[in-house]
Amino acid sequence: VHVFTLSSALDTIDFEGGVFVHRVERRWRPEVVSPINVSLSQASIDIMTSLSDAVRNCNEEAPFDIISTPIWELPGLPLLTEGKLPVILTAHSAYASIRPYKPEWGPDTEYGRLHVEPMIAAEQWAWQNAPNVICNSDVIVTEFSHLYGERNTDGIMKVPHGIESAKLVVPSEATEAAWVS
């Protein structure tokens, strides 16, 4: 198992608890443009490119069976768009579902216009175009479908975690459920 994460220092690879941890320095890459038709911030592109380059380099030495990347911040977007490696997108939380609770993310703010809005568009692209997506429940599939549109469900895999709702003890007056993450 390999984990790729950002580092503020030079690149390192450590073996911790049976896992190779690749700490990757974010490199400024002004020559690289967004891999999709969305004007992502240069900072986001630099992060995506740095992490994806590290994954590609490691894959050349010992090919991966699977590469899992989250939809949040889309660090593996370049790998996903290339379609050369076995990438699975994991969907947990979406920028669009969190934005209503964060006024500083609004379209009338600089951060909202320059980072949040493009990231929402990129998440929508990823949701619609990733051949394989892991969601942990039907609720997540429904939420992403509501936010970003229906998609072919053949590539969606549900991998539950947590507890089964059938085993929960719920007060009889309860009529609705809430999802807290």
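Provided above is the structure to which this section pertains.
These notes cover the structure that comes with them.

Cut-off values and rules
- Residues numbered from 1 in each chain as written.
- Predicted model: local features only at pLDDT ≥ 70, side-chain atom pairs only at ≥ 80, totals over all residues.
- Heavy atoms only, no water.
- Pairing = 2+ DSSP bridges.
- Helix = DSSP H or I, 4+ residues; strand = E, 2+ residues; numbered from the N terminus.
- Axes fitted to C-alpha atoms, helices over the stretch in contact; angles between N-to-C directions.
- Contact = heavy atoms within 4.5 Å.
- 1 Å grid on protein atoms, 1.4 Å probe; cavity = no way out; pocket = protein on both sides within 12 Å on 5 of 7 lines; lining within 4 Å.
- Points joined across faces, edges and corners; volume = space filled by probe spheres on them.
- Salt bridge = Lys/Arg side-chain N within 4 Å of Asp/Glu carboxyl O.
- Buried < 20%, exposed > 50% of the residue type's maximum accessible area, 1.4 Å probe, protein only.
- Patch = residues over 30% accessible without salt bridge, like charges linked within 9 Å, V, L, I, M, F, W, Y side chains within 5 Å.
- Areas by Shrake-Rupley, 256 points an atom, 1.4 Å probe, with all protein chains shown as cover.
- Lys, Arg positive; Asp, Glu negative; His and termini not counted.
- Core = buried A, V, L, I, M, F, W, Y, C linked by side-chain atoms within 4.5 Å.

### Examining the sheet that holds strand 3 (residues 19–25)
Pairing within the open sheet is mixed, and its three strands lie in the order 1-3-2. Two strands lie at the open edges of the sheet, namely strand 1 (2–7) and strand 2 (12–16), each paired on one side alone. Each strand axis lies, on average, 25° off the axis of its neighbour in the sheet, ignoring direction. Across six bridges, strand 1 lies against strand 3 in parallel orientation. When the sheet's bridge partners are listed, leucine 6 is paired in strand 3 with valine 24. Running over the sheet, helix 1 (residues 42–61) touches strand 1 and strand 3 and is turned about 145° from strand 1.

### Looking at the layout of surface pockets
Gaps between atoms show up when a probe of the same size as a water molecule is rolled over them. Roughly 370 Å³ of internal volume is contained in the second largest pocket. Together, 17 residues line the second largest pocket, and His2, Phe4, Val55, Ile67 and Ser68 are the ones closest to its centre. Listing elements by their share of the lining of the second largest pocket, those giving two or more residues are strand 1, helix 1 and strand 4 (67–70). A per-element tally of the lining of the second largest pocket places strand 4 first, with four residues.

### What about the pattern of salt bridges?
Applying the stated criterion across every chain, the model contains ten salt bridges. A salt bridge links aspartate 11 to arginine 27; the shortest N-O distance between them is 2.9 Å. Of this pair, aspartate 11 sits in the loop between strand 1 and strand 2 while arginine 27 is found in the loop between strand 3 and helix 1, placing the two residues 16 residues apart along the sequence. The exposure class assigned to arginine 27 is partly exposed, which follows from its relative accessible area of 35%. Measuring nitrogen to oxygen at the nearest pair gives 3.3 Å for the salt bridge that ties lysine 102 to glutamate 104. Using a relative accessible area of 27% as the deciding quantity, one classes lysine 102 as partly exposed. Judged by its relative accessible area of 43%, glutamate 104 falls in the partly exposed class. Linked through salt bridges whose partners overlap, the residues forming this network are Arg29, Glu31, Asp53, Arg56 and Glu82.

### What to know about the environment of alanine 9
Relative to the assigned elements, alanine 9 resides in the loop between strand 1 and strand 2. By relative accessible area, which is 41% here, alanine 9 ends up partly exposed. Residues alanine 9 and glutamate 25 lie 16 residues apart in sequence; the distance between their C-alpha atoms is 5.9 Å.

### Quick notes on a nonpolar patch on the surface
There is a patch of nonpolar side chains on the surface, built from Ile13, Phe15 and Phe20 and spanning about 320 Å² of accessible area. One can find isoleucine 13 in strand 2. Here isoleucine 13 falls in the exposed class, since its relative accessible area comes to 56%.

### Considerations on the side chain of aspartate 46
Of note, aspartate 46 is situated in helix 1. Despite its burial, aspartate 46 remains without a salt bridge, the nearest opposite charge being carried by arginine 26 at 4.4 Å. Residues contacting aspartate 46, with those up to four places away along its chain left out, are Arg26, Arg27, Trp28 and Arg29.

### Brief notes about the sheet that holds strand 4
Spatially, 4-5-6-7 is the arrangement adopted by the four strands of the open sheet, whose pairing is parallel. Strand pairing shows two members of the sheet lacking a second neighbour, strand 4 and strand 7 (156–158), which therefore form its edges. Taken over all neighbouring pairs, the strand axes of this sheet differ in orientation by 30° on average, direction set aside. Here strand 4 pairs with strand 5 (residues 87–91) via four bridges, running parallel.

### Side note on the nonpolar core
Formed by 36 residues in total, the largest nonpolar core has its most connected members in Leu74 and Trp127. Mapped by element, the contributors of at least two residues to this core are helix 1, helix 2 (77–82), strand 5, helix 3 (95–98), helix 4 (110–129), strand 6 (133–135) and helix 5 (138–148). At six residues, helix 4 tops the list of elements feeding residues into this core. Discounting chain neighbours no more than four positions away, the residues touching leucine 74 are Met48, Leu89, Met119, Ala122, Glu123 and Ala126.

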